[in-house]
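Residues per chain are reported as follows:
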Amino acid sequence: MTGPVIQALLSHWRRHWLQLATLLIGIALATGLWSAVQAINAEARASYQRANDQLALGLFDELRDPTGPIPIERYVALRRAGWQVAAVLEGPLRISGRTVQVMGVDMVAYPALPAVTQIEQSETPPDPADMLTAPGRLLAAPDLAQVLRGQSGLPPILTSTAVPPDLILTDIGVAETLLDSPGQISRLMVLPDQPLGVPPLSKIAPELERISASAQLDAASLTDSFHLNLTAFGLLSFAVGLFIVHGTVGLAFAQRKAMIRTLRALGVSMRRLIWVIMAELTALALIGGTLGLILGFLLAGALLPDVAATLRGLYGAPVDGQMSLQPQWALAGLAMALAGTLLASGHALYRLARMPLLAGAGVQAWRGAATGQRNTGLIGLILIAGGFAIGFTVDGLVAGFVMVGGILTGAALTLPYLLSLALSAFQRRARGPVAQWIWADMQAQLPGLSLALMALLLALAANIGVGTMVSSFRLTFVGWLDQRLTSEVYVTATDNQQGQQIAQWLEPQVDAVLPIRSIELSHETGPLFLYGIVDHQTYRDHWPLIASSDDVWDRVLMGEAVLINEQLARRVGLWPGDTLTLNAGHALTVAGVYSDYGNPTGQAIVSMPQLDQIAPGADTRRFGIRLAPERATEITQALRDQFDLPRRAVVQQAAMKAQSLAIFDKTFVVTSALNVLTLGVAGFAILTSLLTLWTQRLPQVAPVWALGLTRAQLAQLEVLRSVLLAALTAVLALPLGLVLAWALLAVINVQAFGWRLPMFLFPADWVYLFVLTLLAAFAAAALPALRLMRLPPADLLKVFANER
Amino acid sequence: MLLNIDKVQKSYPGGRPVLRDVSLTLDQGQTLALTGESGSGKSTLLNLAAALDSFDGGEITLDGTALSSLDDGGRAALRRQSVSLVFQQFNLIPSLTVAQNLSFHARLANREDTNWTAQLAERLGLSDLLTRYPENLSGGQQQRVAIGRAMAPRPKLLLADEPTGNLDETASATVLDLMLSLVVETGAALLLVTHSPDIAARLDRRAHLTGGHIA
Amino acid sequence: MNVKAWLFILILLLPSALQAQGYAGLGGSADGFDIPKPGYQFEFPRDHGPHPSFRIEWWYLTANLTGEDGRDYGIQWTLFRSALKPTEAEGWQSPQLWLGHAAVTTEETHYFAERLSRGGIGQAGVAAEPFEAWIDEWHMRGPNPSALSLSASGDEFSYDLSLTAQGPLVFHGEDGYSIKSTDGQASYYYSQPFYDVEGVLRLPDGDVAVTGKGWLDREWSSQPLAEDQGGWDWFSLSFDDGNKLMAFRLRGGRGDFTAATWITPDGTATPLPDGSVSFAPLDTARVAGRDVPVQWRVTLPDRDLEVDVSAITPDAWMATRFEYWEGPVTVSGSHSGRGYLEMTGY
């Protein structure tokens, strides 16, 4: 008995293959975008984990000196007191224009590293003595190894796939030379087995801090917010895709009502019908889901290199640009497809289950939708209010996203009501019969199109919101770069001694030589970089302060106060007048807060003497040079020649800005790609809605045709209708997008990155987006309109055909 | 002569002929009942006369215009200006109110006469229903709106396809009476397709279509 | 295999398979390193210190102890030096690597610990005067090797002992030139077998005050084993009559090579040539997945000596980067006494 039922139900798809395709594409798009984001997140997280495993990070407690590097004597003292610790020296190294991390470990004491095991088990294991004695060996992943081999003056390179990207792993003795930090240790790893009777740390090395493995700031926690951002985007895309599924399934059910009634009349139970339909939906979900997985995998593969670049650029987090297929990812994607399809079909199934056996086929009582629209709109308003309430009362990134989610969903729900209000207003003002009819007809079409229009609203709002955020950020960032990079030339000496020589040599030739000195402290809030400055008008004139107290510079330079960056200020809630404790015995009043973008860590600025007092040992290798801009090139060349400095050691302001902006732009490539995709999906949703409404359109247009309008005129009106609805939606999307932008800039950014950005408006972008929307609506309506234009009159006449 | 159907031929898309050399004439102010079996081509002939569909051979002349010479736009203009239609299924525009439906055709034809429309509404008993939508009307009420819509532009020719086919007896009688009296009053010609001999008997002339010919 | 296992191979320069090339890589070539020669004039305190131009060297102390509870204990304290290159350098790039082994053997249990470091930074090393050998917090120090304080600790044990030499240094082989194979591989080898020991062992069950006798071996070379030699059995026995015997057997594919030194109570040493002493395993125990002979018959016909040597604890396995058996033994038969047994290559 089930066989014929299935056959009857499936025959529908044979006649409506376009509908079937739409449904599958809807599921595939939803699953694909979501899975792509998941794959990117999973891949990035796997990269962090791999890097941790490859470097044995996060497994053991660590000892650090909050004021700077640990001298080797301290290590020996700890060892001779029985402490089983392993030394690590790490730091950045610039090689042919890219910064790589050098991690030098004491290969003798450090726990087993996969990379070392890998090379020792290779076909041609290196002579171990070569690893430990000069010149040593560098281990790097294949692509970095290739770059390194092209460099002169480096030790021989060994290739290992078990080294994280952009990292050189080597013995600490080799790293000392490479990083020019003889006798220095960045941190000590506390090994698991400690002997009996070890004296407490406070007795041997009181200046060292023990940081437990769980408290260590790793890539995964630094990048959490970035991934949450991506996930939110993925969910938005998924939701937009589900609109398509919902619309298509609803239509297919409506069209099969007659068939289902017949089947029931023939004795098929509703229970059996529901089961068969559920099975049908499951099969469709799995097929669409599989297509989506393929799409998602390709998409993730295309986006991952940019994501990897972002994560490395923004957080220094190690991420490969390579995708690998994980079975659990595929399963999760299919589960999402299935859950999404059933969710989107739930309403239709429910209505089907409650359909009385003898329900009339008659015209849909669409006018009853008006109350429905009002009620839905009311729910929407409640959601919006709830979103704001949560956003303003609860802290945290998740609350921020809940707020944005509430506003977006709420706005989408109020859309049909607002559109219907607008259409009524237009209808009242319309003069001609055709115009009157168009407004009235759009009103009538609204319930069928509203889901697609909601999808469009969300996509447009997201576009405006995210676009405004990115552009505001960029504008702020550019302005900030201008303030922050005021010196015409920046130079980095190879060591402190050369630094001194350079400063002396420059002094008589230029307006000012501003030393850039900093040291990393382990603050209770995480790593904190402490900078020292000398008194110069440059800072007073340009430094980007966003909050300050009286005589801010005088007080800082007198050693009475400290400037902190916005991230630190917001994280700890310190503002001018509060006190910042840097380390034991050093607490200073906060005199001002400055913006500091593209940097996840806290930063503070004190006077130069203060820096040496609080944390002695900062390098004096970097300088900003003030001089007449036209002399920049000349001085740059002279510096390189005089001190035999590599190109990268002397950089002009313009080049530095260009580089910073390039990194910035890369950061948002993924965001904009997802943005465009979401808009594309929304456009597709409109197309599918129009196509599914097609069969209901004929009884509406046939009488008008009979009364004397040509098919071409009607087709034009169809297009006009779609464009008008899209335009109205776009107009409503603008304020929503701006609210979203505000939420992103003032709430999400603060929680995710620690900075609040001023909002700028970009009307030109809106016009562009508006035109794009109209084009999308035009394109979506073009196909049904074309069909109408070419429709044989006989098909229209069928509407009038008498039922006898 | 208002309508001259001369040896018109029409086949279904499959090639099966429906009308073979049908000829018929209708003068200004005349009423004609077109009867015939189910599937005899009555409605097809009516659609051809209304310039809703094209024919394969012969000629139809409406108010001096040869229909075969018209393109899509010309036929639409003819429908707008010269004929009015009443269908069995009423075919009101569901998104417009009764008032809007009533005046719709006249406004399309640019011949709106608000007094006349108001008078029609009054005569057809629709005055209290003007702000309603078609879905809230009974079949008889809907058909009265359709007749009003058709008469509002004061057409020269009214084409009606089983106008009472979907109505019960009482409603049927009312609708027919109203329609006929309005036709007489405005001096319009009427071509009415029906299978009912009683209705046919109330018109001036009667033509019977069988086997694709007028008997 | 982890990096440190690999490093230890590095330490002892094992180029390939253990079995074919001798235990722990001691059968490699000596490129660039000095080689022991007969007729070497020892000079002290200099020779108590390290000899970086030789590949390997050790300061090897064992002691048979009796606790206040009357039970037998043994301790081991060893510092190995292994050179990647025959030079010394300051800092991390020093090619000298140091390996410490310490153990306490009770009648039931064997505790051990291991330390690894490189030279050049001060984490491990040996100074001749005042004498100190150390790695991490482990140390063996004193004004000179006649009076030492000794300490080591692991995660379950530690000890602090003081040692006082009651006799002179003893030189093995030809005045300290100890031949290890018929091919002529040799090492420099001297001992201080006359320590009185006292101190405290800290064990999981509590502290134990101990007294007893200790024996320090000093040996350095660059290639002490022949290529076919796969391991050795080494005995240091102190008899109740005051005489002592150091005897070892190097097991080789071409036959065993034995050597021994008979030490009288006044410290007079008589080298005994290859074949003088015979060793016969009497019983084996299953230790760490291997069959290890823990009871031996040692015969020295020249001195009318025929004794059974039995491990106090069969389970004295050093599961360190290179594994071996090292533990206290009791001696019975024609002579009675106590001593230490080391067995490698099983």
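### What to know about the overall build of chain A
The helix and strand inventory of chain A stands at 27 helices and 20 strands. Residues counted as buried form 44% of the 804 residues belonging to chain A. Long-range contacts, defined as pairs at least 24 residues apart, comprise 82% of the intrachain contacts of chain A with a sequence gap of at least 6.

### Remarks on the sheet that holds strand E7 (residues 167-171) of chain A
Residue and element names in this part refer to chain A. Read across the open sheet, the eight strands follow the order E6-E5-E7-E4-E3-E9-E1-E10; overall the sheet is mixed. Edge strands, defined here as strands with exactly one partner in the open sheet, are strand E6 (157-159) and strand E10 (209-211). Strand-to-strand, the axes of this sheet are offset by a mean angle of 30 degrees, without reference to chain direction. Pairing of strand E3 (residues 85-95) with strand E4 (residues 98-105), which is carried by eight bridges, proceeds in the antiparallel orientation. Bridge pairing links Leu-93 to Val-100 in E4. Packing of helix H3 (residues 72-80) onto the sheet brings it into contact with E3 and strand E9 (187-190), and relative to E3 it is tilted by some 160 degrees. On top of the sheet, helix H6 (residues 142-149) reaches E3, E4, strand E5 (138-140) and E6; it is set at about 160 degrees to E6, its chief contact.

### Concerning the pairing of strand E19 (residues 622-626) of chain A
Residue and element names in this part refer to chain A. With burial as the criterion, only one face of E19 is covered, namely that bearing Phe-623 and Ile-625; the residues Arg-622, Gly-624 and Arg-626 on the opposite face remain uncovered. By the bridge criterion, four bridges tie strand E11 (residues 489-492) to E19 in an arrangement that is antiparallel. If you follow Tyr-490 over to E19, its bridge partner there is Gly-624. Sheet topology places strand E12 (residues 512-523) next to E19; five bridges connect them, and they run antiparallel. Looking at E19, one finds that Ala-512 is bridged to Arg-626.

### Remarks on helix H26 (residues 763-789) of chain A
All names here are of chain A. For H26, with 27 residues, the first-to-last C-alpha span of 37 Å sits near the 39 Å given by 1.5 Å per residue. Of all the bends in H26, the largest measures some 35 degrees and sits at Ala-782, one to four residues before the proline Pro-784. Of all the positions in H26, only Trp-766, Leu-769, Thr-773, Ala-776, Ala-777, Ala-780, Ala-781, Pro-784, Ala-785 and Leu-788 are classed as buried.

### Side note on the pairing of strand E7 (residues 157-161) of chain B
Residue and element names in this part refer to chain B. Counting buried residues along E7, five of its five residues qualify, which places the element largely inside the surrounding structure. Side-chain alternation along E7 places Leu-157, Leu-159 and Asp-161 on one buried face and Leu-158 and Ala-160 on a second face that is also buried. Pairing of strand E6 (residues 83-86) with E7, which is carried by four bridges, proceeds in the parallel orientation. Each residue of the ladder has a partner; that of Val-83, found in E7, is Leu-157.

### Observations regarding the interface of chain C and chain A
When the parts of a complex come together, some accessible area is lost, and that lost area is often taken as the interface size. Counting residues at the interface gives 28 residues for chain C and 28 residues for chain A. The set of elements that each furnish at least two residues to the side of chain C that touches chain A consists of helix H1 (3-12) and strand E4 (110-118) of chain C. Residues of the side of chain C that touches chain A, tallied by class, amount to 13 nonpolar, nine polar and six charged.

### Some remarks on the packing of helix H3 (residues 98-108) of chain B against helix H4 (residues 114-123) of chain B
Residue and element names in this part refer to chain B. Closest axis-to-axis distance for the H3/H4 pair is 10 Å, and the angle between their directions is 145 degrees. When the axes of H3 and H4 are compared, the crossing they make is right-handed. Each of Leu-102, Ser-103 and Ala-106 in H3 lies in contact with H4, whose residues at this interface are Thr-117, Leu-120 and Ala-121.

### Side note on the sheet that holds strand E9 (residues 205-210) of chain B
Residues and elements named next belong to chain B. Ordered by their spatial adjacency, six strands build an open sheet running E6-E7-E8-E3-E9-E10, and the pairing between neighbours is mixed. Each of the sheet's edge strands pairs with one partner strand only, and the pair in question is E6 and strand E10 (213-214). Across two bridges, the pairing between E9 and E10 is antiparallel. Residue pairing in the sheet places Leu-209 in a bridge with Ile-214 of E10. Packing against the sheet, helix H1 (residues 42-49) makes contact with strand E3 (31-36), E7, strand E8 (189-193) and E9, and its axis sits at approximately 150 degrees to E8.

### Some remarks on the packing of helix H5 (residues 139-151) of chain B against helix H6 (residues 169-186) of chain B
Residues and elements named next belong to chain B. Running from N to C, H5 and H6 cross one another at 10 degrees; their axes reach a closest spacing of 10 Å. When the axes of H5 and H6 are compared, the pair comes out roughly parallel. Contacts between H5 and H6 involve Gly-139, Gly-140, Gln-143, Arg-144, Ile-147 and Met-151 from the first element and Ala-171, Thr-174, Val-175, Leu-178, Met-179, Leu-182 and Thr-186 from the second. The residue inventory of the contact of H5 with H6, partitioned by class, reads seven nonpolar, five polar and one charged.

### Quick word on the confidence of the model for chain A
Residues and elements named next belong to chain A. Considering every residue of chain A, the mean pLDDT works out to 81; 90% of them sit at 70 or more. The element-level mean pLDDT for chain A is lowest in helix H9 (residues 219-222), coming to 57, with H3 highest at 93. This model gives residues 359-367 a pLDDT under 50, and the stretch forms eight contacts once residues within four places in sequence are excluded.

### Examining the interface of chain B and chain A
At the interface, 32 residues of chain B touch 26 residues of chain A. Counting residues per element, the ones that place at least two in the side of chain B that touches chain A are H1, helix H2 (72-81) and H3 of chain B. Here the side of chain B that touches chain A takes six residues from H2 of chain B, the largest share from any one element. Along the lines of polarity and charge, the residues of the side of chain B that touches chain A split into 13 nonpolar, eleven polar and eight charged.

Rules of the game
Residues numbered from 1 in each chain as written. Chains lettered and ligands numbered in written order. Predicted model: local features only at pLDDT ≥ 70, side-chain atom pairs only at ≥ 80, totals over all residues. Helix = DSSP H or I, 4+ residues; strand = E, 2+ residues; numbered from the N terminus. Buried ≥ 20, exposed ≤ 12 C-beta atoms within 10 Å, placed from the backbone. Contact = placed C-beta atoms within 7 Å. Pairing = 2+ DSSP bridges. Axes fitted to C-alpha atoms, helices over the stretch in contact; angles between N-to-C directions. Expected span 1.5 Å × (residues − 1). Bend = angle between axes of the 7 residues up to and from the residue. Nonpolar A, V, L, I, M, F, W, Y, C, P; charged D, E, K, R; others polar. Left-handed = near helix turned anticlockwise from the far one by under 90°. Parallel < 35°, antiparallel > 145°, perpendicular 65-115°, else oblique. pLDDT = per-residue confidence, 0-100.

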